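# A closer look at the structure
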Amino acid sequence: MSASLLVAADAGVWPLRLRQVWKVFRRELGRSHSAWRNLWLPFLAFSPPFIIAGHALQASGCELQEETMILAAVIQLFYLRVTIFFGCLGIFMRLVGGEVAERTLHYLFLAPVRREVVVLAKFLAGTLTTVTVFGTGIFLSFALMYAHFPEGRAFVTVGAGAAHLRAYLLAGALACLGYGAAFLALSLIVRNAIVPAIVFLVWEGVNGVLPLWLQRLSVTHYLKPLLPAELPPEGFLALFTVVAEPTPAWMAVTGLLAFTALVLVFACWRIRRLEVSYTAD
Amino acid sequence: MFEDVSKFYGDVLGINNVTLSLPPGITSLVGPNGAGKTTLLNLMTGLIRPSRGRISVAGMSPDDPEVFGRRVGYCSQFDAFPAGVTGRAFVRGWLHLFGMGGARVEREAADAIERVGMTEAADRKVAGYSKGMRQRIRLALAISHRPEILVLDEPLNGLDPLARADALALFQALGQEGLHVVVSSHILHEVDRVSDYVVLLSHGYVVAEGPIHGVRTEVTEHPMQILVRCARPHVLAAGLFAGEHVVEVKVHPDGGGLLVRTRDAPAFHRLLNQIVLESGIELEAVAPADDDVGAVYQYLIGADTETV
């Protein structure tokens, strides 16, 4: 028996797999964080705080209700609908797709690592990246929105502000999970994500007016009940904000986690059939 | 072990109806570009899946990476590396996936890097390596976990003559250590020197396989060429023409021997012995002149050996 086989026998299967998850996870973080091309992500996530900071510097006589609605619009329409969607598109589509483009995926496929381990580790790395960046963006937006006037500060310290922040952060994290899993799975099916991404975006947008059973097949369906402030359903925005049949928060969280798990199972099944054939790309 | 394996890329044929059983030792896959060598090796290592048929390597399925990846090392043709990595970090990162501890990883990585002669350059970034160095560091990765089966796709590409000689010596050493080595190459005369077994591919089909000498013997329609180094070659040539199996006799350009083409090698050797005994000609050497992969390949496929 070769020396490397002895290591496997000594370590046991599950501890070894956990170590492999950790190694692939770190490798993935190194890959994504060292790349200049990923600078668009913080730019995307931190542009609202900059705008809100400008608003805070210029605003006078702010009303809590108005500021809360502005923040709700920023988070619901900008972060959850657009920024996190496209952020996850860019990050999760490249977890496997990027390695195919860079022609390095075969190193992972030739290693004694189950492909499911590769999927899981990459998904965790993508999740950590997006949750950290967008979570920070949401936090900064929230802080800047309420810190510049006394009523806002009181709302955060003694009012419901902290609960609002927790809800936004939870919704942001769950959005990263749901969109991330969906885009990771999508990257294992198609090479060019533009058309599927547009279809997915439209699906998420118009989902509120579809029958309930179809609504359950979207990420936003599970996010809406978690949001602490409802935007007024007026005009075009009604399409994005209306909740036809509200879901209890606990069911929304478990529903989104179940959705994520199901999509990841599909991704694991798909990656086992994935072939490394760079020349055909 | 390939059992009736075919691989199609859409409508394009990769390999077709390949049934192969490769023995221990060093096996060469030889064929021109597009013959199906890389397809065969990628199928063998699980990077692609067969459209039809079954593949097993030493009883293992490529679909079980946890076992397969430990026992098989593959140095593919894909000349790409993770961004910003050094040669040593590249090998270390690979070994970490085997669950080895830090000290063991350092030791095994250093050992593999030393075997391919890359110790001095190991801490430089791969982006600054020459093609030959990149080839060698990928070879180091493929052998670093001490596999039982080593698969090498065009491993001599990009290597200078000295590095090629070193690489071939390494393959031979690995073969002698008991590894099964499967190597594809278009540099026929070089892999020929180290191979125990040869598989000739053309247009996705296996056209011949077996020990190199056995394959050559099977090519009966092409007379074997035998080089005889001797004194008085003209006397020997006159005697050899008596044999019906002798097709052609040419005096070697340096005048120190003959190039004989015969349809029946054993009969030729009997006749040669008889002439030598009767005439007292001193023989220096008798050796097949075309008993190599290149000649066999040219006979079977008709390709120019310079280009395959």
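Residues numbered from 1 in each chain as written. Chains lettered and ligands numbered in written order. Predicted model: local features only at pLDDT ≥ 70, side-chain atom pairs only at ≥ 80, totals over all residues.

With that settled, the discussion passes to the overall build of chain B. The number of helices and strands found in chain B is 11 helices and 13 strands. Reported as C-alpha extents along the three principal axes, the dimensions of chain B are approximately 70 × 45 × 30 Å. Scored against the burial criterion, the 308 residues of chain B give a buried share of 44%. Considering only intrachain contacts with a sequence separation of at least 6, the fraction spanning at least 24 residues in chain B is 67%. (Helix = DSSP H or I, 4+ residues; strand = E, 2+ residues; numbered from the N terminus. Buried ≥ 20, exposed ≤ 12 C-beta atoms within 10 Å, placed from the backbone. Contact = placed C-beta atoms within 7 Å.)

A few words on the interface of chain B and chain A. With 27 residues of chain B in contact, the opposing surface of chain A contributes 31 residues. Residue assignment for the side of chain B that touches chain A shows that the elements contributing at least two residues are α2 (65-71) and α3 (87-96) of chain B. Counting residues per element, the side of chain B that touches chain A draws most heavily on α2 of chain B, which supplies four residues. Of the residues in the side of chain B that touches chain A, the class split is 14 nonpolar, eight polar and five charged. (Nonpolar A, V, L, I, M, F, W, Y, C, P; charged D, E, K, R; others polar.)

Attention now moves to the domain arrangement of chain B. Domain boundaries assigned for chain B yield domain 1 (2-210) and domain 2 (217-301). A separation of 38 Å is found between the C-alpha centroids of domain 1 of chain B and domain 2 of chain B. (Domains from an automatic or database assignment.)

Let us look at the packing of α3 of chain B against helix α5 (residues 131-144) of chain B. Residue and element names in this part refer to chain B. For the pair α3 and α5, interaxial distance at closest approach is 10 Å and the crossing angle is 25°. Taken together, α3 and α5 sit at an angle that is classed as roughly parallel. By crossing handedness, the relation of α3 to α5 is classed as right-handed. Two secondary-structure elements touch here, α3 through Gly87, Phe90, Val91, Trp94 and Leu95 and α5 through Ile137, Ala140, Leu141 and Ser144. Here the contact of α3 with α5 is built from residues that sort into seven nonpolar, two polar and no charged. (Axes fitted to C-alpha atoms, helices over the stretch in contact; angles between N-to-C directions. Parallel < 35°, antiparallel > 145°, perpendicular 65-115°, else oblique. Left-handed = near helix turned anticlockwise from the far one by under 90°.)

Residues and elements named next belong to chain B. Across the sheet, which stays open at both edges, the three strands sit in the order β2-β1-β4 with antiparallel pairing between neighbours. Looking at the sheet topology across the chains shown, the edges are occupied by β2 (12-20) and β4 (52-55). Across the sheet, the mean angle separating the axes of adjacent strands is 30° when strand polarity is ignored. Contacts from helix α1 (residues 37-44) reach β1 (2-9), β2 and β4, with the element oriented near 65° to β2. (Pairing = 2+ DSSP bridges.)

One can find alanine 242 of chain B in the loop between α9 (233-240) and β11 (246-251). In the structure, alanine 242 of chain B is positioned 223 residues away from threonine 19 of chain B in sequence and 43 Å away in space, judged by C-alpha atoms.

With that out of the way, let us pick up helix α4 (residues 102-115) of chain B. Residues and elements named next belong to chain B. The first and last C-alpha atoms of α4 sit 20 Å apart over 14 residues, in line with the 20 Å expected at 1.5 Å per residue. Within the span of α4, buried status applies to Glu108, Ala109, Ala112 and Ile113. With its buried residues spanning 130° around the axis, α4 presents them on a single face. For α4, the exposed residues set more than 90 degrees away from the buried face come down to Ala103 and Glu114. Against the buried residues of α4 lie α3 and α5. Following α4 by one or two positions, glycine 117 has its phi on the positive side, about 70°. (Expected span 1.5 Å × (residues − 1). Arc of directions from axis to C-beta.)

Glancing now at the pairing of strand β3 (residues 26-30) of chain B. All names here are of chain B. Within β3, five of the five residues are buried, leaving the element largely enclosed by the surrounding structure. The pairing of β3 with strand β7 (residues 180-185) spans five bridges and is classified as parallel. Counterpart to isoleucine 26 in the pairing with β7 is valine 181. Sheet analysis places β3 next to strand β8 (residues 197-202), joined by four bridges and oriented parallel. Following the sheet pairing, leucine 29 is matched in β8 by valine 199.

With 89% of its residues at a pLDDT of 70 or more, chain A shows a mean pLDDT of 86. Counting contacts from residues 1-7 of chain A, a segment whose pLDDT is below 50, to residues more than four positions away or on other chains yields 12 contacts. (pLDDT = per-residue confidence, 0-100.)

Here we come to the packing of helix α6 (residues 115-147) of chain A against helix α13 (residues 249-272) of chain A. Residue and element names in this part refer to chain A. Axis separation between α6 and α13 bottoms out at 8 Å; the angle between their running directions is 135°. The pairing of α6 with α13 is recorded here as oblique in orientation. Crossing handedness for the pair α6 and α13: right-handed. Of the residues in α13, those in contact with Arg115, Glu116, Val118, Val119 and Phe123 of α6 are Leu264, Ala267, Cys268, Ile271 and Arg272. Looking at the contact of α6 with α13, its residues break down into seven nonpolar, no polar and three charged.

Glancing now at unusual backbone geometry. All names here are of chain A. A positive phi angle, near 60°, is found at arginine 103, a position not held by glycine. By the secondary structure assignment, arginine 103 is in the loop between α4 (64-102) and α5 (105-110). Taking the C-beta count within 10 Å as the criterion, arginine 103 has 17 such neighbours and is therefore assigned partly exposed.

Moving on: the sheet that holds β7 of chain B. Residues and elements named next belong to chain B. Taken together, six strands build an open sheet; the order of strands is β5-β6-β7-β3-β8-β9 and the sheet is mixed. Of all strands in the sheet, those bounded by a partner on one side alone are β5 (72-75) and β9 (205-210). Taken over all neighbouring pairs, the strand axes of this sheet differ in orientation by 15° on average, direction set aside. Of the strands in this sheet, β3, β6 (149-153), β7 and β8 are in contact with α1, which crosses β6 at around 150°.

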